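Structural features, examined
What follows is the residue order along each chain.
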Amino acid sequence: MFRNYYRLAKCGECGTKGLQRRRVPRHSVHLILIIATLGLWGICWVITIIAARWEPWRCRECGRPQMEVPVRPAVTTAAEVVGSHLDLLHQHFD
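Nothing here was measured: the structure is a model prediction, and the numbers come from that model.

1. Looking at the state of the cysteines
A full pass over the atoms with the stated rule returns 0 disulfides. In this structure Cys59 is not part of a disulfide, and its nearest cysteine sulfur, from Cys62, lies 3.8 Å away. Of all cysteine sulfurs, the one in Cys11 lies closest to Cys62, which takes part in no disulfide; the gap is 3.7 Å.

2. Quick look at the pattern of salt bridges
Here the structure, examined in full by the defined rule, presents 1 salt bridge. For Arg64, the salt bridge goes to Glu13, with nearest N and O atoms at 4.0 Å. Of the two residues, Arg64 sits in the loop between strand E3 (58–59) and helix H3 (78–93) while Glu13 sits in the loop between strand E1 (2–10) and strand E2 (17–25), which places them 51 residues apart along the sequence.

The rules behind these values
Residues numbered from 1 in each chain as written. Predicted model: local features only at pLDDT ≥ 70, side-chain atom pairs only at ≥ 80, totals over all residues. Heavy atoms only, no water. Disulfide = S-S within 2.5 Å. Salt bridge = Lys/Arg side-chain N within 4 Å of Asp/Glu carboxyl O. Helix = DSSP H or I, 4+ residues; strand = E, 2+ residues; numbered from the N terminus.

As structure tokens, this is what we get:
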């Protein structure tokens, strides 16, 4: 029902640099189950998708969950927000 995704990162707890694991649902299996149960399995699939969104990355060495690192630093003013969107828009069309 689930498969593992892996990424290379440094653990915030034990400090080792290695693989981290995250479980995600196998959508093909759930689709087959929906067809086989005439749609009744759809409720379970939705619950599984929602639960998988909260599944943390885990260090393979110590097994502890990892905190997500934000891609961009937080912005504090409206000008920074507008400026960041204009930069993305500009970069997109170049």
